[in-house]
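Read off the chains here:
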Amino acid sequence: MWLEIVIWQPLRVVTPPNEKDQALEKLPLMSLAILDFEKSVTELERKIQELKRLANKQSQSGEKTEEGAAKGDSLPDDMGEEIARLEDKVAKQLKSLYANLSPWQKAQVARHPDRPHFLAYVEALCEDFQPLSGDRAFHDDQAIIGGLARFRGERVMVIGQEKGHDMATRVKHNFGMARPEGYRKAIRLMALADRFNLPILTFVDTSGAYPGVGAEERGQAEAIARSIEKCLDVSVPIIATVIGEGGSGGAIAIAAANQVLMLEHAIYSVISPEGCASILWRDGSHASDAANALKLTAQDLKGLKVIDEIVAEPLGGAHRDPQAVVQALSDALYVALQAEMSRDGDGLKRQRRQKFLGMGRNLGVAA
Amino acid sequence: MSWLTDYVRPRIPGFSAKKKEVPDDLWTSCPSCQQMIYAPLLSETHRCCPHCEHHMRMPMLERFALLFDDGQFERIDIPSVAADPLKFKDLKRYGDRLKDAQTKTGEKDSLGAAHGLMGGREVVVAIMNFAFMGGSMGMAMGETFVKAAEKAIEAKAPFIIFTASGGARMQEGILSLMQMPRTTVALQMVKEAGLPYLVVLTDPTTGGVSASFAMLGDLTLAEPGAQIGFAGKRVIKQTTGEDLPDGFQTAEFLQERGIIDVVVARKDMKDKLVQLLSLLLGDALLELPSPEEVPGERLPDVAAEEGSQDATSDDAATEAKDA
């Protein structure tokens, strides 16, 4: 019991890798941040990694190492078999865990620090990416990045919210929380795309627009409103994908699109579960209840016809196999883009407006 | 028992009970300057403090009456929408909260719309009712907004909205967020029909409402002292630890920073709107082509309208382009 506490307490938060872990970095599944509900899986994963390391050492030295001998009791002769058995167990556990994630657990997966973020997707999905800076009025907001690129040979404009992947980049990108300049940059790039007939791919991953004094002084509300207006006004296809967290007005500002895709474990909501809990339950600790009530999962939103497609994530979430999720998203984006590019400019505009005007009308009317 | 106890004493509790009623009904204190105000006076001053001119929140129907000529207007029906689509329950069922608000206010939801004459010109006015669940934006509000916009297009009338809202209605989840693009589509249709869309921001206008249709007016007016912003003051303080400057998020603060056009006192509001519409559109009533004739097309500007009374809409459009 005591041991468990010692081992698991530090794992509740993002733990810095120790030297041993660093040596194992090349191995897959080495997650630095461990979600509470994944502990049992993580334990198995660590065992597998330890076994692999030992197997590696053994094959190098040709005999049992000192360390291996110390653990001799639990170390099977045929480690390959044991590793396979454990891997199978991990896969089974992950499958049942991820098939039954609660909305609150999904929120945690969607915010997982190791989850691929916007720039990682752009790099993997696109070629020739040329970022374009600034709103031409005040600043270059790093929370919203955008630029010209090629996606499967097609010239496109990509725009997305970047959260950053370590402390330095998180600060640089303001944790994905854009200020008015960010939305004004997005507006500028959408206008540019419209002028050169470039389809727009947006990637949503933000906890929300930044709530700050300067942001308010420079018209945060107006910037978001104009960004929504611009989305609804352009004559080129817009495909939005919620890749992580779709936080309220900050998200819809770049997601009023012809098609809205959503990764399997992403969330999209009018307010964060914590925020909702602190207002309606008057207690932030009811975040799990709020997450249930808000219907913020991709599956719920598809049911409400607010999103169009769910893009499947690899077993155990996008952070366990970024390459697989990139491939799935690439295919889904390609299909969506092909469909929308068959419409002309007026048709695209009309489709977008009808789509949003129709939302909620299909849910049945109160007596 | 003397005549004194018999006669006077019973009167005392009666007298004091009556006296207790008086402050409740007849006297109120100004939330800004704390001075006592004789309540009946407030309807004369349109709910502005006679001492410091602080603009208190105004009931929706009073505002309609203040704006339309002779207080005459026709309400636009509020369309029915799916009630409680998420079956939302926090400490209380959303369905119950909704019913309570309906009973309390006598309204179906937080946005009311009406049309009628203002300064002799047909206008459509929508007013948000802060008394109804904090003026929160849900499907009913979005649908009413769309209906009012359609009425404006049909009647070729300017569309004016008075905002007052804490933001999205959480109990409708993502569907409340979707009212941001929905209302934007509706106001784009008004603008594309060549009609003015005017916004009057009143206290308070925040959150999803401020970040959509409230900030997309051709002209943006505000009442003095109204709190207007995206994020709440408490959230900003908690998140950033920054000190908020004096007058932060007030109408005057926003005007100074170039975010809104003009701050107008409530008593002058109707005259100002009439004046602005007349400056935008001229004194004559608009002669515009019906929306069916020009789906999604930009319409000729107002200057080109003059002298083209007999011309068809297409001719007018051509003239405008040639000019």
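Residues numbered from 1 in each chain as written. Chains lettered and ligands numbered in written order. Predicted model: local features only at pLDDT ≥ 70, side-chain atom pairs only at ≥ 80, totals over all residues. Heavy atoms only, no water.

### Quick notes on the overall build of chain A
Item 1. Counting its regular elements, chain A contains 17 helices and eight strands.
Item 2. Out of the 367 residues belonging to chain A, those deemed buried represent 53%.
Item 3. Partitioning the intrachain contacts of chain A with sequence separation of at least 6 by distance along the chain shows that 71% fall at a separation of at least 24.
Item 4. For chain A, the accessible area works out to roughly 16100 Å², and carbon and sulfur atoms hold 51% of it. (Helix = DSSP H or I, 4+ residues; strand = E, 2+ residues; numbered from the N terminus. Buried < 20%, exposed > 50% of the residue type's maximum accessible area, 1.4 Å probe, protein only. Contact = heavy atoms within 4.5 Å. Areas by Shrake-Rupley, 256 points an atom, 1.4 Å probe, with all protein chains shown as cover.)

### Digging into the sheet that holds strand β3 (residues 74-76) of chain B
Residue and element names in this part refer to chain B.
Item 1. The seven strands lie next to each other as β3-β4-β5-β6-β7-β8-β9, forming an open sheet whose pairing is mixed. The sheet is open, and its two borders are formed by β3 and β9 (262-263), each paired with just one other strand.
Item 2. Summarising the sheet, strand β5 (residues 121-128) and strand β6 (residues 159-165) pair through four bridges and their orientation is parallel. Bridge pairing in β6 places Val124 opposite Phe159.
Item 3. Lying over the sheet, helix α4 (residues 60-67) contacts β3, β4 (111-118), β5, β6 and β7 (197-205), oriented at roughly 160 degrees with respect to β5. (Pairing = 2+ DSSP bridges. Axes fitted to C-alpha atoms, helices over the stretch in contact; angles between N-to-C directions.)

### Quick word on helix α7 (residues 118-125) of chain A
Item 1. What α7(A) keeps buried is the set A:Phe118, A:Tyr121, A:Val122 and A:Leu125. Taken around the axis of α7(A), the buried residues stretch over an arc of 100 degrees, which confines them to a single face. (Arc of directions from axis to C-beta.)

### A word on the domain arrangement of chain B
Residues and elements named next belong to chain B.
Item 1. Under the domain assignment, chain B is made up of domain 1 (25-56) and domain 2 (58-279).
Item 2. The straight-line distance from the C-alpha centre of domain 1 to that of domain 2 is 24 Å.
Item 3. Taken together, the contacts link five residues of domain 1 with nine residues of domain 2.
Item 4. Three residues, His46, Arg47 and His55, lead the burial of domain 1 against domain 2; their summed loss comes to 78% of the area buried on that side.
Item 5. One can count one salt bridge joining domain 1 with domain 2.
Item 6. A salt bridge links Arg47 to Glu62, with the nearest nitrogen and oxygen atoms 2.6 Å apart.
Item 7. In this assembly, domain 1 and domain 2 are joined by six residue pairs in polar contact (both at pLDDT 80 or more).
Item 8. In terms of residue class, the side of domain 1 that touches domain 2 is built from two nonpolar, two polar and one charged. (Domains from an automatic or database assignment. Buried area = accessible area lost by both parts, 1.4 Å probe. Salt bridge = Lys/Arg side-chain N within 4 Å of Asp/Glu carboxyl O. Polar contact = N/O pair within 3.5 Å; in protein donor to acceptor, adjacent residues only side chain to side chain. Nonpolar A, V, L, I, M, F, W, Y, C, P; charged D, E, K, R; others polar.)

### Quick word on the interface of chain A and chain B
Item 1. The interface of chain A with chain B comprises 49 residues on the first partner and 55 residues on the second.
Item 2. Roughly 4400 Å² of surface becomes buried between chain A and chain B when both sides are summed, with 71% attributable to carbon and sulfur atoms.
Item 3. Contact with chain B buries area across many residues of chain A, yet A:Val213, A:Glu216 and A:Leu280 alone supply 15% of it, more than any other trio.
Item 4. One salt bridge in this structure joins A:Arg361 and B:Glu143, with 2.7 Å as the shortest N-O distance.

### Observations regarding the nonpolar core
Item 1. Counting 145 residues, the largest nonpolar core has A:Tyr268, A:Leu329, B:Phe159 and B:Phe213 as the members making the most contacts within it.
Item 2. Ranked by residue count, the leading element in this core is helix α6 (residues 139-154) of chain B, at nine residues. (Core = buried A, V, L, I, M, F, W, Y, C linked by side-chain atoms within 4.5 Å.)

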